[in-house]
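Survey of secondary and tertiary structure
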Amino acid sequence: MGPNWKSALLGLTLSIAAINADVSAQKLPSGPQVLTFFSDADDTEQPYGLYLPENFDENKKYPLVIMLHGAGSNHRLALRRVFGKSNAEGENDVEATRYFPKWDNVDYIVASPYARGTAGYQGIPEQDVYDVLADVKKRFKIDENRTYLTGLSMGGGGTLWIGLTRPDIWAAIAPVCPAPPTGTFDLAPNATNFPVHFFHGDADPVVPVAGTQKWVSTLQDLGVEVSYKEFVDVKHDSWVNAYDSEYIFDWFKDFTRNPYPNQIRFVTKQYEYDKAFWVQFNRFAYGKLAEIDAKFTKENALDIKTQNLEKFTLNLKGHPKFKPGASLALKIDGTNLNAKTDSVVTLFRASAGGKWAVEGASIMSIYTGKKKGAEGPIYAAFSSRHVYVYGTADNPSPEELKKRVDIATQAASWSQFRGEFLGRIVFFPRVLADKEVRPSDIESSNLILFGTKETNALIAKHADMLPAHLKKGDTTHGLFYVLPMEGHYVAVSSGLPWWTGMKDEGFPFVSVMHRKLPDFKDIIFFKDSSENLLIDDYFTQDWKLDDDTRRKLSASGAVDITP
């Protein structure tokens, strides 16, 4: 080698290092694209659409818009729609999905979840929306006070549901021709702290405009900042007008979330949705709408009114009207109290309908009844990671084993084809035999158990902890219930599966096996067909059978009650 070989080698090494540095520092391009996040619901990569503005600066905080697509649509089309880009002349959705057209820049990050396809925005798809939100916030600097939510049709309904169940996330929401899930309307008071803009066509044959008109009227009566644009002679494609010329971004820019509002109105029926800003519900009359209206009347003074609420916590850290360490004056449903706290104070009723008191260390206790993550109903077991388990404990014949496998597989078939428009739900939970369930499955998953204590080893293992058992050999009844156990849910389906005799009616956002799951309470019991429900009830607050349910089960002669 010549005398310069060391210099040449050094130069080559530095060049390779520079190339590697460029590769490792590679950035996402500006404009529309598709990213994925890992979903632990079924161990899959799930896609979402993403828009990054021109001249994206990774050190700058950006406002974020979450866009929810409608039925029969997807994340790529949703990203086009929110920018006002409809299909080209003569182009169908399949063709439009294949590319992103050019559109004008906006100084927002925009994310559009796929959310499993057409499956509504509750349960697994709802969690996908929050997973997308978390993934975007992990990758980019997001302005927490300028995070917005919009969507069309099914996604407009999802905008109302997600916006109103967790109202302290959003600076503003904009539902377009919304079709919200059952129970959403009860949550209207939760819109008190953000503006809402509705859009709808007055000739919509799919989602009648009267529903949106009722929403607007009700929110106006509640004092919510609500606006509404109704398009004349427009059918179910009102999003074409709503998102035209990127209007929604111009509307959103005027609104910023106040993380410390002086007044909070919040209602809920579920511990899953227990918090708004500086108020958190700890215990309430389950199955009823729990309500609070809490407002600062002056510094360190609050006037609070409640309904169906038994215990709640105020976390006032950082609130400009709260002075830590000083006395906090509370007027709760007419009762005057004083508390001294650095930021957090918990209030409770000593008895049903009793007066409020400040909870202190001497009276604190571990609450083992219904609470967040352990409240039911049956659908809760299907709303996060879960596995379907058939029984082999009684060494079934090959024919019987096939029947059991087929039932569990049918229950797990969320992804069955539902026609060209709705396609498939992209959700693939596992189906296992009882002897195949691993400790890691029990630790990480809800269990959907099929069979009885005689046929399923996992039901047998917990038989004494389970409230009721279908008698061996019964072929005419179905018993189905949910119970929290070891940090997760166990749902037990004994006898006839819960979809037996169920009519395949209504718009099939999900298959017939899953369509009524959100409507069931904690326990159902039926004869011959689930259309013939003998029991559809909640367990008591401490997860026991109530007297009426116990009596009905005993009288049926088909169920053994656990002492």
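In the block above lies the structure referred to throughout.
Here we summarise the structure given alongside this text. It should be emphasised that the depicted structure is a prediction, and the values quoted were computed from it without experimental measurement. Every chain is numbered on its own, with residues counted from 1 as its sequence reads. Local features are withheld for residues below a pLDDT of 70 in this predicted model, meaning they are given only at 70 or higher, and side-chain atom pairs are given and counted only at 80 or more; totals for whole chains, interfaces and linings count all residues. Each side-chain value is derived from all of the structure's non-hydrogen atoms; neither hydrogens nor water enter the calculation.

**Describing the overall build of the chain**
Stated formally: Comment: elements are numbered from the N terminus, with helices defined as DSSP H or I runs of at least four residues and strands as E runs of at least two. Each radius of gyration reported is based on C-alpha atoms, and the globular scaling rule is 2.2 Å times the count of residues to the power 0.38. Partly exposed describes any residue whose relative accessible area lies between the buried limit of under 20% and the exposed limit of over 50%, with all areas from a 1.4 Å probe on protein chains only and scaled to the type maximum. Contacts: residue pairs with any heavy atoms within 4.5 Å of one another.
If you tally the helices and strands in the chain, you get 13 helices and 27 strands. For 563 residues, the compact-globule estimate of 2.2 N^0.38 gives 24 Å, and the C-alpha radius of gyration of the chain, at 27 Å, lies within 12% of that figure. Summarising its shape, the C-alpha atoms of the chain cover approximately 85 × 70 × 70 Å along the three principal directions. Taken over 563 residues, the chain has a buried fraction of 51%. Contacts in the chain between residues at least 24 apart in sequence constitute 64% of all its contacts with a sequence separation of at least 6.

**Regarding empty space enclosed by the protein**
As a reminder of what qualifies: A cavity here means a set of 1 Å grid points, computed over protein atoms only, where a 1.4 Å probe fits but cannot escape. A pocket is an open set with protein on both sides within 12 Å along at least 5 of 7 lines, and lining residues have an atom within 4 Å of a point. Grid points are joined across faces, edges and corners, and a volume is the space filled by probe spheres set on the points. Note on residue categories: nonpolar means Ala, Val, Leu, Ile, Met, Phe, Trp, Tyr, Cys or Pro, charged means Asp, Glu, Lys or Arg, and polar means any other residue, Gly included.
The full count for this structure, using the stated rule, is two cavities of 30 Å³ or more. In this model, the largest cavity occupies a volume close to 70 Å³. What lines the largest cavity is simply Ile442, Ser445, Leu447, His462, Met485, Glu486, His488, Tyr489 and Val490. Here the element with the most residues in the lining of the largest cavity is strand S24 (residues 488–495); it accounts for three residues. Here the residues of the lining of the largest cavity sort into five nonpolar, three polar and one charged. Class assignment for the residues of the lining of the second largest cavity results in three nonpolar, two polar and three charged.

**As for helix H13 (residues 547–556)**
To keep it simple, the criterion reads: Between N or O atoms, a polar contact is any pair within 3.5 Å; within protein, one atom must be a potential hydrogen donor and the other a potential acceptor, and residues adjacent in sequence are included only when both atoms are from side chains.
By the N-cap criterion, in which a side-chain oxygen at the helix start approaches the backbone nitrogen of a residue two or three places on, H13 is capped by Asp546, the distance to Asp548 being 3.2 Å. Looking one or two residues beyond H13, the residue adopting positive phi is Gly557, at roughly 75°.

**Considerations on the layout of surface pockets**
By volume, the second largest pocket is sized at about 540 Å³. Along the walls of the second largest pocket sit 22 residues, with Glu400, Arg404, Gly451, Thr455 and Gly495 positioned nearest its centre. Mapped by element, the contributors of at least two residues to the lining of the second largest pocket are helix H9 (398–411) and S24. Ranked by residue count, the leading element in the lining of the second largest pocket is H9, at four residues.

**Remarks on the sheet that holds strand S9 (residues 263–268)**
To keep it simple, the criterion reads: A pair of strands is labelled paired if DSSP reports no fewer than 2 bridges between them. Fitted lines through C-alpha atoms give the axes, limited to the stretch in contact for helices. The angle between two N-to-C directions lies from 0 to 180 degrees.
The mixed open sheet is built from five strands, whose spatial order is S9-S12-S13-S15-S16. Of all strands in the sheet, those with a lone pairing partner are S9 and strand S16 (335–340), marking the two edges. Taken pair by pair, the neighbouring strands of this sheet meet at an average axis angle of 20°, ignoring direction. Of the strand pairs in this sheet, strand S13 (residues 301–307) and strand S15 (residues 327–332) are connected by four bridges, and their pairing is parallel. Bridge pairing links Asp303 to Lys331 in S15.

**Some details on the packing of aromatic side chains**
Operational definition: Each Phe, Tyr or Trp ring (for Trp, its six-membered ring) is paired with any other whose centre lies within 6.5 Å, and the angle between the two planes then decides the class: stacked below 30 degrees, edge-to-face above 60, tilted in between. Working rule: Lys NZ or Arg CZ, within 6 Å of ring centre, within 35 degrees of ring normal, means a charge sits over the ring.
Inspection of every chain in the model, using the stated rule, returns 33 aromatic pairs. Seen from their ring centres, Trp414 and Phe427 are 6.0 Å apart, and the 75° between their planes marks the pair as edge-to-face. You can see Trp414 sitting in the loop between H9 and strand S20 (431–433) and its partner Phe427 sitting in the loop between H9 and S20, a full 13 residues away along the chain. With a relative accessible area of 7%, Trp414 lands in the buried category. Here the aromatic cluster, defined as three or more aromatic residues joined through ring pairs, consists of Tyr51, Phe83, Phe100, Trp103, Tyr108, Tyr148, Phe249, Trp251, Phe252 and Phe255. Between the NZ or CZ atom of Lys214 and the centre of the ring of Phe185, over which it lies, the distance is 4.6 Å.

**Looking at the side chain of Arg81**
Inspection of the secondary structure puts Arg81 in helix H2 (residues 75–82). Contact partners of Arg81, with chain neighbours within four places excluded, come to Met67, Ser86, Asn87, Asp93, Leu152, Trp239 and Tyr243.

**Some thoughts on the pattern of salt bridges**
Oppositely charged side chains are able to pair whenever their charged atoms sit close together. The condition is simple: The working definition used for a salt bridge is a side-chain nitrogen of Lys or Arg within 4 Å of a carboxyl oxygen of Asp or Glu.
By the definition in use, this model includes 31 salt bridges. Among the salt bridges present, the one from Lys275 reaches Asp168, with a minimum N-O distance of 2.9 Å. Of this pair, Lys275 sits in strand S10 (residues 275–276) while Asp168 sits in the loop between helix H5 (154–165) and strand S6 (172–176); the two residues are 107 residues apart in sequence, bridging distant segments of the chain. Among the residues examined, Asp168 registers a relative accessible area of 10% and is labelled buried. Among the ionic pairs, Glu310 bridges to Arg283, the shortest N-O distance being 3.7 Å. With a gap of 27 residues between them, Glu310 in strand S14 (residues 309–315) and Arg283 in strand S11 (residues 279–284) connect regions that are remote in the sequence.

**Let's talk about unusual backbone geometry**
Along the chain, Gly376 connects to Pro377 via a cis peptide bond; the corresponding omega equals -5°. Of note, the phi angle at Asn395 is positive, near 50°, even though the residue is not glycine. Tracing the chain through its elements places Asn395 in the loop between strand S19 (386–390) and H9.

**Section: the sheet that holds S10**
Strand order in the open sheet formed by five strands is S10-S11-S14-S17-S18, and the pairing between neighbours is antiparallel. At either margin of the open sheet sits one strand with a lone partner, and together these are S10 and strand S18 (356–358). Note that S14 and strand S17 (residues 344–349) share five bridges and pair antiparallel. Within the sheet, the bridge partner assigned to Asn315 lies in S17 and is Val344.

**Remarks on the pairing of S6**
Quick note on the threshold: Every crossover in which the path from the first strand over the helix to the second runs clockwise, viewed with the strands pointing away from the viewer, is termed right-handed.
For S6, the buried fraction is high: five of the five residues fall into the buried class. In the classification by handedness, the crossover that spans strand S5 (residues 142–152), the intervening H5 and the parallel S6 is right-handed.

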